[in-house]
Amino acid sequence: MITGSIVALATPMKVNGDIDWEALRRLVHFHLDNGTDAIVAAGTTGEPTTMSFAEHFDVIRTVVEEVNGRIPVIAGTGSNNTTEAVELARYASEVGADCCLTVAPYYNKPTQEGLYRHFKAIAESSDLPVILYNVPGRTCSDIYNETVLRLAEVDKIIGLKDATGNLERGEDLIARLKGSGFMLYSGDDATACDFMLMGGHGDISVTANVAPKAMHELCSAAVTGGADRAHQINTRLMPLHTNLGIESNPIPVKWALYRMGYIAPGIRLPLTWLSEKYHSTVSEAMQLAGLIDD
């Protein structure tokens, strides 16, 4: 059972867009040294949609090798093509990932029955536990709570990353799945603290890329019911939670990591580097979080 602060890891790239493997390994150790509870490799923040299959595989493999069993590694294996999602999950198992995170199919806009069959097919073909990922703001495909409840009964489907930011929906799932062993994670940093205090098990976080220690402390407090401590940390981080979404993820968080000296200014089209008009806004959020001095 994976709980706490789970970083949705950005993939470092050179200015020409090539993956920076040395920087990727450094980032893994940054998280190992600062209390991150688990790592998602090649999730949305890792830009897998602009990677070749070989690159996608190598990112997962590199993170698994560098972590070397010290914390769980969750492989991003989502696709809007069920066959591809099955293949990605199989590869993640072969290289030693602990489980896989698979996003709702994007662009095709499947029905709820189509979503159910898609995830069921992945689970039935996978040797790994499967975490569902619902982010309708990106995919235009929403896994309704009733469908989540159906999928929770499928062998190997063990959890959900809920990036809707809808606490009412989250509260309903937490109540209806309480005691089942099904894991519920926030995927929305701005509402994650409240989600965990309601009974959620952790946060698959963008903010954790730049503030891993603080996010670990926040999540540890929240999942154990330490509301005062959790809210105290969350208030300090809220400008980051908000402004790391000022342009499409992972644009702002990659700029923040560059500003901190961890990565080069590399990102792949169609994403572009953070617009200059937002530099001061993100910098101010980083200062308030204690990440930079000025």
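As named in an unreviewed UniProt entry, the protein chain is 4-hydroxy-tetrahydrodipicolinate synthase, taken from Halomonas ventosae. Among the UniProt annotations of the protein chain, the heading Pathway (unreviewed entry) holds the following wording: "Amino-acid biosynthesis; L-lysine biosynthesis via DAP pathway; (S)-tetrahydrodipicolinate from L-aspartate: step 3/4." The record held by UniProt for the protein chain lists under Subunit (unreviewed entry) the comment "Homotetramer; dimer of dimers."

**Student:** How would you summarise the UniProt feature "binding site: pyruvate" (unreviewed entry) in the protein chain if you had to cite specific residues and measurements?
**Tutor:** Summarizing the sequence annotation, UniProt attributes the feature "binding site: pyruvate" (unreviewed entry) to Thr45 and Ile204 in the numbering used throughout. In sequence the annotated residues extend across 160 residues, while in space they remain close, none of their C-alpha pairs exceeding 10.5 Å. With respect to the secondary-structure elements, Thr45 resides in the loop between β2 (38-41) and α2 (53-67). Structurally, the position occupied by Ile204 is in strand β8 (residues 202-205). Those residues in contact with Ile204, other than ones at most four positions away along the chain, are Ile6, Ala8, Val40, Leu101, Lys161, Tyr185, Ser186 and Gly187.

**Student:** Explain the sheet that holds strand β4 (residues 99-103) to me, and be specific about the residues and the numbers.
**Tutor:** Here eight strands make up a closed barrel; going around it, the order is β1-β2-β3-β4-β5-β6-β7-β8 and the pairing parallel. Direction aside, neighbouring strands of the sheet carry axes that sit 25 degrees apart on average. Bridge count between β2 and strand β3 (residues 73-76): three bridges; the pairing is parallel. By the bridge assignment, Ala41 is partnered in β3 with Ala75. Contacting β4, β5 (130-134) and β6 (157-162), helix α4 (residues 112-125) runs over the sheet at an angle of about 160 degrees to β4.

**Student:** Can you tell me about the UniProt feature "site: Part of a proton relay during catalysis" (unreviewed entry) in the protein chain, naming the residues and giving the values?
**Tutor:** In the UniProt entry, the feature "site: Part of a proton relay during catalysis" (unreviewed entry) is given for Thr44 and Tyr107. The exposure class of Thr44 is partly exposed, given its relative accessible area of 24%. Other than its neighbours up to four places away in sequence, Thr44 contacts Tyr133, Arg138 and Asn249. Tracing the sequence through the fold places Tyr107 in the loop between β4 and α4. For Tyr107, a relative accessible area of 75% puts it in the exposed group. When residues no more than four places from it in sequence are discounted, the contact partners of Tyr107 are Asn80 and Thr139.

**Student:** A description of the pattern of salt bridges should follow, citing residues and the corresponding values.
**Tutor:** Under the definition given, this model contains 13 salt bridges. For the salt bridge of Arg61 with Asp58, the shortest nitrogen-to-oxygen distance reads 3.3 Å. Placement of both Arg61 and Asp58 in helix α2 is noted, with a separation of three residues, approximately one turn of the helix. Members of the salt-bridge network, linked through shared partners, are Asp58, Arg61 and Glu65.

**Student:** Tell me about the packing of helix α11 (residues 251-259) against helix α12 (residues 279-288), and please be specific about residues and values.
**Tutor:** Relative to each other, α11 and α12 sit at 65 degrees, their axes nearing to 11 Å. Taken together, the axes of α11 and α12 lie roughly perpendicular to each other. Between α11 and α12 the crossing geometry is right-handed. Mapping the contact onto sequence places Pro252, Trp255, Ala256 and Arg259 in α11 and His279, Val282, Ser283 and Met286 in α12. Its residues assigned to classes, the contact of α11 with α12 comprises five nonpolar, two polar and one charged.

The rules behind each value
- Residues numbered from 1 in each chain as written.
- Predicted model: local features only at pLDDT ≥ 70, side-chain atom pairs only at ≥ 80, totals over all residues.
- Heavy atoms only, no water.
- UniProt positions renumbered as here; feature names shortened; annotations may be inferred.
- Helix = DSSP H or I, 4+ residues; strand = E, 2+ residues; numbered from the N terminus.
- Contact = heavy atoms within 4.5 Å.
- Pairing = 2+ DSSP bridges.
- Axes fitted to C-alpha atoms, helices over the stretch in contact; angles between N-to-C directions.
- Buried < 20%, exposed > 50% of the residue type's maximum accessible area, 1.4 Å probe, protein only.
- Salt bridge = Lys/Arg side-chain N within 4 Å of Asp/Glu carboxyl O.
- Parallel < 35°, antiparallel > 145°, perpendicular 65-115°, else oblique.
- Left-handed = near helix turned anticlockwise from the far one by under 90°.
- Nonpolar A, V, L, I, M, F, W, Y, C, P; charged D, E, K, R; others polar.

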